[in-house]
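# Summary of structural features
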Amino acid sequence: FESAKLARPVGTTDNMKFESFPTHLEEVFEREFRREQNSHKTLRVVGTTSPTALAFLISQLQSGLFDSMPHLVVLPEASDVDSFVSDFQFFDPVRSLFVLKSFDVELNSGLDPKTQIISERIQFLWRAQNAKPHEIFVTSVEALMQKTLPFRELAQKKLVVRQKGSWDDSVITLLQRWGYL
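The rules we used
Residues numbered from 1 in each chain as written. Predicted model: local features only at pLDDT ≥ 70, side-chain atom pairs only at ≥ 80, totals over all residues. Heavy atoms only, no water. Helix = DSSP H or I, 4+ residues; strand = E, 2+ residues; numbered from the N terminus. Buried < 20%, exposed > 50% of the residue type's maximum accessible area, 1.4 Å probe, protein only. Contact = heavy atoms within 4.5 Å. Areas by Shrake-Rupley, 256 points an atom, 1.4 Å probe, with all protein chains shown as cover. Pairing = 2+ DSSP bridges. Axes fitted to C-alpha atoms, helices over the stretch in contact; angles between N-to-C directions. Patch = residues over 30% accessible without salt bridge, like charges linked within 9 Å, V, L, I, M, F, W, Y side chains within 5 Å. Salt bridge = Lys/Arg side-chain N within 4 Å of Asp/Glu carboxyl O. Core = buried A, V, L, I, M, F, W, Y, C linked by side-chain atoms within 4.5 Å. Phe/Tyr/Trp six-rings, centres within 6.5 Å; stacked < 30°, edge-to-face > 60°. Lys NZ or Arg CZ within 6 Å of the ring centre and 35° of its normal. Arc of directions from axis to C-beta. pLDDT = per-residue confidence, 0-100.

When helices and strands are counted, the protein chain shows eight helices and five strands. Secondary structure of the protein chain in N-to-C order comes out as β-β-α-α-α-β-α-β-α-β-α-α-α. When the 181 residues of the protein chain are sorted by exposure, 30% land in the buried category. The contacts in the protein chain between residues at least 6 apart in sequence include a share of 65% that link residues at least 24 apart. With the model as given, the accessible surface of the protein chain reaches about 13,100 Å², and the carbon-plus-sulfur share is 53%.

Dropping the structure here:
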């Protein structure tokens, strides 16, 4: 990867960090976000077929505009998502990514997906619904097109549990109604 030569390692070998990559693209992004025609604050990056190049670019952007909003990265295939996540974690091991996985069975197969994948998809949706600035969500086209849970239903069926919090009988009734007890 040619551009990686510009980022110089600093720090100890236990926790390798890269200095900020001086990129003209960051200035282009900021200028585009400030344009009046871009009132929705969206920017599409197209033209690269390399998850590695995209992971490097996103990991190096540090502008205030980039960090002031959550981001969604949609890649063509699940294998591209795996490559992107692996590469991104190499370039920026500190930041977390949230990944929406595809179901492990065909839609019309009559088989139920693994409960672990359903759980991970619901966690992704909840996290995306409550997204914080600078969080990065990654998915494939296939995973994005698969239905999990309607937005309103997810918003209505949440239970916040706090450490040392109190419980009443309504929580047990709620868990029974949701099918957990």
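Okay, the sheet that holds strand β4 (residues 97-100) next. Read from one edge to the other, the open sheet built from three strands follows the order β3-β5-β4, with strand pairing classed as parallel. A strand with exactly one partner marks an edge of an open sheet, and here the two such strands are β3 (71-75) and β4. Strand-to-strand twist across the sheet, computed as the mean angle between neighbouring axes with direction ignored, equals 20°. With five bridges joining them, β3 and strand β5 (residues 136-140) adopt parallel strand pairing.

Attention now moves to a nonpolar patch on the surface. On the surface, Leu72, Val74, Val141, Leu144 and Met145 cluster together into a nonpolar patch covering about 470 Å² of accessible area. The set of elements that each furnish at least two residues to the nonpolar patch consists of β3 and α6 (141-145). The leading source of residues in the nonpolar patch is α6, at three residues. Residue class for Leu144 comes out partly exposed when judged on its relative accessible area of 44%.

Of all hydrophobic cores here, the largest spans 17 residues; its most connected members are Ile58, Val73, Phe84 and Val138. Elements supplying a minimum of two residues to this core: α2 (51-60), β3, α4 (78-91) and β5. Excluding residues that lie within four positions of it along the chain, Phe84 makes contacts with Pro51, Leu54, Ala55, Ile58, Val73, Leu75, Leu97 and Val138. Core analysis: the next-biggest nonpolar cluster, separate from the first, contains five residues, Leu100, Phe124, Phe137 and Ala143 among them.

What follows deals with the pattern of salt bridges. By the definition in use, this model includes three salt bridges. For Arg127, the salt bridge is made with Glu135, and the minimal N-O distance between the two is 2.5 Å.

Given two aromatic rings, their pairing is described by the distance between the two centres and the angle made by the two planes. As enumerated under the stated definition, the model contains five aromatic pairs in all. Pairing Phe124 with Phe137 gives two aromatic rings, centres 5.5 Å apart and planes at 90°, and the pair type is edge-to-face. Within this pair, whereas Phe124 is found in helix α5 (residues 115-129), its partner Phe137 is found in strand β5, the two being separated by 13 residues in sequence. Taken together through their ring pairs, the aromatic side chains of Phe56, Phe90 and Phe91 make up a single cluster. The residue whose ring lies beneath Arg121 is Phe103, and the NZ or CZ to ring-centre distance is 4.4 Å.

In this section: the environment of Ala78. The residue Ala78 is located in helix α4 in this model. In this structure the C-alpha to C-alpha distance between Ala78 and Lys101, which are 23 residues apart in sequence, comes to 7.6 Å.

On to helix α8 (residues 169-177). Within α8, burial applies to Val171, Leu174 and Leu175. Here the buried residues of α8 occupy an arc of 95° about the axis, which is enough to place them on one side. More than 90 degrees from the buried face of α8, the exposed residues found are Asp169 and Arg177. Of the residues trailing α8, Gly179 is marked for its positive phi of about 90°.

So, on to the confidence of the model for the protein chain. Of the residues in the protein chain, 71% reach a pLDDT of 70 or more, and the chain-wide mean stands at 76. Across residues 1-18, where pLDDT falls below 50, the model places 21 contacts with residues more than four positions away in sequence or in other chains.

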